[in-house]
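# Close look at the chain arrangement
Take a look at the letters that make up each chain.
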Amino acid sequence: DVKVTQSSRYLVKRTGEKVFLECVQDMDHENMFWYRQDPGLGLRLIYFSYDVKMKEKGDIPEGYSVSREKKERFSLILESASTNQTSMYLCASRREGYTDTQYFGPGTRLTVL
Amino acid sequence: GEDVEQSLFLSVREGDSSVINCTYTDSSSTYLYWYKQEPGAGLQLLTYIFSNMDMKQDQRLTVLLNKKDKHLSLRIADTQTGDSAIYFCAESPSGGSYIPTFGRGTSLIVHP
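Below is a summary of the structure that appears in this document. Values in this document were obtained by computation on a predicted structure and should not be read as measured data. (Residues numbered from 1 in each chain as written. Chains lettered and ligands numbered in written order. Predicted model: local features only at pLDDT ≥ 70, side-chain atom pairs only at ≥ 80, totals over all residues. Heavy atoms only, no water.)

### A few points about the pattern of salt bridges
The following threshold applies: Salt bridges are counted wherever a side-chain nitrogen of Lys or Arg sits within 4 Å of a carboxyl oxygen of Asp or Glu. Partly exposed residues are those whose accessible area sits between 20% and 50% of the maximum for their type, while under 20% is buried and over 50% is exposed, using a 1.4 Å probe and protein chains only.
Under the criterion given, the structure shown has 10 salt bridges over all chains. Notably, a salt bridge pairs Arg 44 of chain A with Asp 38 of chain A, separated by 2.8 Å at the nearest N-O pair. With its nearest N and O atoms 3.6 Å apart, the salt bridge here joins Lys 68 of chain B to Asp 69 of chain B. For Lys 68 of chain B, a relative accessible area of 74% puts it in the exposed group. Note on Asp 69 of chain B: relative accessible area 47%, which makes it partly exposed. Residues joined in a network through salt bridges with shared partners are Asp 28, Glu 30 and Lys 71 of chain A.

Structure follows, in structure tokens:
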């Protein structure tokens, strides 16, 4: 079974803090994704990565950056957290090829005070 | 750009059938997916259908695709309280980076 894990289920940070969200997958998938999920807005893509050291902006990259130094790990970084970044963050991975489904982690609920 | 639309809420009684509808705009979509999200959890793939099919059945789940109208539906037979969740429709384009587009999700509430 594919397993996608996220470093924290719940996180509380203060405005202005630097926040790291980590995602690890164990199936050697090339593609990895970060989404945020807000009520009534569904999933919005923040960044995705085709492969190691490769990244592409999604629909809402502002205020975020990412890092993919190893194939299994994709990190989302909030350089200076703001209250409007309070959300559920979901990581996903996928084997290369559009016919393959994405596998999601359990999510990190981030609250920025 | 691509757009996927779903109604936000659906309420049914336990034992009834549930039908969740979805419309999409990208006529080049190759795969269409239904994901389920239980409270506090990530998304889990329920089923998918290839665009050259019009129906797929898997136990209590039936997916219908009307490619002409760009309409996808998920029918859950004999709905149980454990089916209460958010259901997301997603479509995967045939070109570009193959990034799927998700609908906003339909919250299914099952009453005993």
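Continuing now.
### Regarding the interface of chain B and chain A
Where we set the bar: When checking whether two residues touch, look at their non-hydrogen atoms; a contact exists if any pair is within 4.5 Å. Distance and chemistry together define a polar contact, namely a pair of N or O atoms within 3.5 Å, with one atom able to donate a hydrogen and the other to accept it when in protein, and with adjacent residues in sequence counting only for side-chain atoms on both sides. Helix and strand assignments follow DSSP, with helices taken as H or I runs no shorter than four residues and strands as E runs no shorter than two, numbered in order from the N terminus.
With 20 residues of chain B at the contact, the number on the chain A side is 21 residues. Summed over the shared surface of chain B and chain A, the result is 0 salt bridges. Counting across the interface, chain B meets chain A through 6 residue pairs in polar contact (both at pLDDT 80 or more). When residues in the side of chain B that touches chain A are grouped by element, the largest group, 4 residues, is from strand β4 (residues 31-37) of chain B.

### Observations concerning the state of the cysteines
Residues and elements named next belong to chain A. Using the following cut-off: The definition used for a disulfide is geometric: two cysteine sulfur atoms within 2.5 Å.
Summed over all chains, the structure comprises 2 disulfides over all chains. Two residues, Cys 23 and Cys 91, share a disulfide whose sulfurs are 1.8 Å apart. Handedness here is read from the sign of the S-S torsion; for Cys 23 and Cys 91, about -75°, the answer is left-handed. Linking Cys 23 in strand β3 (residues 19-25) with Cys 91 in strand β9 (residues 87-94), this pair joins segments that are 68 residues apart in sequence.

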